[in-house]
Amino acid sequence: MNGRKADTAGPLLLGVRHHGPGSARAVRAVLEEARPAAVLIEGPPEADALVPLAAEKDMRPPVALLAHAVDEPGRSAFWPLAEFSPEWVALRWALEHEVPARFIDLPAAHTLAWEDDENPGPGAGDDVRVDPLGMLAEAAGYDDAERWWEDVVEHRGVGEGDAVAPFTALEEAMTALREEYGSGGHRRDLVREAHMRLQVRAARREFEDGVAVVCGAWHVPALRHKATVAADRALLKGLPKVKTDMTWVPWTHRRLSRTSGYGAGIDSPGWYGHLFDAPDRPVERWLTKVAGLLRAEDRIVSSAHVIEAVRLAETLAALRGRPLPGLSETTDAVRAVMCEGSDVPLALVHDRLVVGDVLGEVPATAPAVPLQRDLARIQRRLRLKPEAGERELELDLRKETDAERGRLLHRLRLLGIGWGEPAAARGGTGTFRETWRLRWEPELSVRVAEAGVWGTTVLAASTARAEADAVGARGLAEVTGLAERCLLASLPEALPTVMRILTDRAALDTDVGHLAQALPALVRSLRYGDVRGTDTAALAEVAAGLAERVFVGLPPACAALDADAADEMRRHVDAVHGAVGLLGDAPAPGHGKLRARWQSVLRTLSARDTVPGVIRGRSVRLLLDDGELQQDEAARLMGLVLSPGTPPADAAAWIEGFVGGGSGGGLLLVHDERLLGLVDVWLTGVPAEAFTDVLPLLRRTFSAYEPEVRRTLGELVRRGPGARGGTAAAVSGVPGFAPDPDTARADAVLPVLRLLLGLDGEDGEDEEARDGLAGVTG
């Protein structure tokens, strides 16, 4: 058999499009008709031992063959297979009919060792790279290869004439292209095809002419070519080689939309899966599926919408000269009928249905590195199933199962396996809560294989990786961040190494910026260790020593800075302030003295003229927020800075430091008319020639405020200084507000307040309720 039903002189060559449902249906029909004695499939021969696993009940596509170099797991390749892939259909047919199935492409041992830049491959030359489907679509008058393929192959029903006919026609077209373009600029193809010819010859010696070959249509003319055995072996001589391991791994529809190991990504795997699965009326079934998705998103879509969308899709196909509506026609119909012309819900349809998040499964008996087996065991125990779709996981670390889940996710992140990413917790900011965004990507299987070099269990591997990262860390902040991650991941055996390196680096580093950058992570580690019951005494000592060095070195380090350096140092001041605040609650020796020392540093920074205005302003603000400075004193300092003798740019920087940076400075100006008045008077007195210099700073400061705060400030300024006489004066004249409190209206809430406070309404309790209200609104 040679691809034509009447010719039985050669193998049955079935040229397909990888991941093409039309090709898959046609392959199944031909195999049912021809009943070959063996099926040869384009793919790495090392996978032959894995073929029986495709028949396991726990094997559910999409899946992929994963090959990786044993000594360098990061060097890897995938060969994805979906339910609608012709190769998968051929593989399953062979297993169901107890027919040998073998992979015949170039071995993965050569593929992984063969770097394109080092060896472009025999015959590659300077050919122009050719897209075969694109060339055929252009010859047929199509500007879209996908649309041409749908019309010619996907919309051709099985049973319409000779089952082999489409393969014969495609072979003739590819033969013409190969005669014109040779290898088409596709590197390695000549070598791969030589290997495939050798494998086909060997199979024919064993099974005579009862051999069917399923491969990319581009390769069919080369496999038909009568090359000598010596010539083919010469092409394969001297190829680089590495030791490889191979297994099955889960894959996703979303990953099928990218270029794969077959070099053939598809744009619409969900749509192709639907075409393969739909027994009849694919357009009607598809649009019904779309309607169900939109209804689930609370959009009003009725059966009448579905009927009208079907009619519109069929009309569009007729107008465009297509045999049946394709994805473009159904998409246009959905946009017009179900989405009212909006692309927003249409994007959801594309994401959920056209592409999709279907995740395959592989049986537990599939080969895996020891680390993968340990991870799978932990996932089962903790009931954390890998899923392709993104989901949020909220953990309460006071619960043992949740604590173990958090430790696992942190350990995987240390190993570079980004299954989960930390997210902001919705239920609170306490250290006993963690929120994660989970999404399992197929590439993570490679990351697990890579991480296998560090150990056979997740705990051992993450411990070894943390120690190695500490030794190779380039900066102090990197080591302190690693200490934090070790505590989060609960790696007590790695901590001594990390702490030793941290102590050495901290003692040698004299850059105040580096020390200030490292301190917050170290202090956070103390809090995490406290929550997780870890002994952090050594960390506390290092943190306290680091803080003292920052206190000594910060004032001189803040002198003579340009604008960018001053802004960066202001961020360091904020970070140190937050760290000292946390350290006050941590078991650090002499932590009370640390807080007093830090306040002394802030006073020094606020009073030195050589310190940039943005740092002086922020120091005053931090002291004010901590209650170490009275508002009268803050107003006096602001008045001095905003006096005519201060350069406008320096005054603007001081204002930015005092009320900018997202520190709630807007509300401070709203509630303190003296500070607002000082800013107002200064701003109106800035000389015209200096105003353009200070405007960017002021705009950056005030644009960070909430819209309501900016609106209130604008109203206060509009009414002028006479209207700003405290809170009551600030709101007088605004509709709904009176100059004085309305006690009668205030008393109306007392019955509800009594219920909230558990009072019985006895005499004197109204006064107690009023006191409670004052405490709440305070």
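## Observations regarding the pairing of strand β3 (residues 63-69)
So, step 1. Across the seven residues that make up β3, a large majority, seven, are buried.
So, step 2. Taking every second residue as pointing to the same face, both faces of β3 are buried, with Val63, Leu65, Ala67 and Ala69 on one and Ala64, Leu66 and His68 on the other.
So, step 3. As judged from the seven bridges shared by β3 and strand β7 (residues 244-250), these two strands associate in the antiparallel manner. Bridge pairing links Leu66 to Thr247 in β7.

## Details of the pattern of salt bridges
Close approach of charged atoms allows side chains of opposite charge to pair.
So, step 1. In this structure the tally under the stated criterion is 41 salt bridges.
So, step 2. Taking the shortest distance from any N to any O, the salt bridge between Asp567 and Arg571 comes out at 2.8 Å. In this pair, Asp567 and Arg571 are both assigned in helix α24 (residues 563-583), four residues apart and thus about one turn of the helix distant.
So, step 3. Linking Arg616 and Asp650 is a salt bridge whose minimum nitrogen-to-oxygen distance equals 2.6 Å.

## Some points on the sheet that holds strand β10 (residues 433-438)
So, step 1. The strand order across the open sheet formed by three strands is β8-β10-β9, and the pairing between neighbours is antiparallel. Unpaired on one side and paired on the other, β8 (391-396) and β9 (420-423) mark the two borders of the sheet. Going across the sheet, the axis of each strand differs from the next one's by a mean of 35°, ignoring polarity.
So, step 2. Sheet contacts for helix α17 (residues 400-414): β8, β9 and β10; angle to β8, the most-contacted strand, approximately 120°.

## Regarding the packing of α17 against helix α19 (residues 458-472)
So, step 1. Interhelical geometry of α17 versus α19 gives an angle of 45° and a closest axis separation of 9 Å. As far as their axial angle goes, α19 and α17 are oblique. You can see that α17 and α19 cross each other, and the crossing is left-handed. Residues Leu408, Arg411, Leu412 and Leu414 of α17 pack against Val458, Leu459, Ser462, Arg465 and Asp469 of α19.
So, step 2. Its residues assigned to classes, the contact of α17 with α19 comprises five nonpolar, one polar and three charged.

## Quick word on α17
So, step 1. Between the first and last C-alpha of α17 there are 21 Å, a value that for 15 residues agrees with the 21 Å anticipated at 1.5 Å per step.
So, step 2. For α17, the full list of buried residues reads Asp402, Ala403, Arg405, Gly406, Leu408, Leu409, His410, Arg411, Leu412 and Leu414.
So, step 3. Where α17 is buried, its residues contact α16 (370-381), β8, β9, β10, α19 and α20 (476-488).
So, step 4. Just beyond α17, the residue with positive phi is Gly416, at close to 80°.

Calculation criteria
Residues numbered from 1 in each chain as written. Predicted model: local features only at pLDDT ≥ 70, side-chain atom pairs only at ≥ 80, totals over all residues. Heavy atoms only, no water. Buried < 20%, exposed > 50% of the residue type's maximum accessible area, 1.4 Å probe, protein only. Helix = DSSP H or I, 4+ residues; strand = E, 2+ residues; numbered from the N terminus. Pairing = 2+ DSSP bridges. Salt bridge = Lys/Arg side-chain N within 4 Å of Asp/Glu carboxyl O. Axes fitted to C-alpha atoms, helices over the stretch in contact; angles between N-to-C directions. Contact = heavy atoms within 4.5 Å. Parallel < 35°, antiparallel > 145°, perpendicular 65-115°, else oblique. Left-handed = near helix turned anticlockwise from the far one by under 90°. Nonpolar A, V, L, I, M, F, W, Y, C, P; charged D, E, K, R; others polar. Expected span 1.5 Å × (residues − 1).

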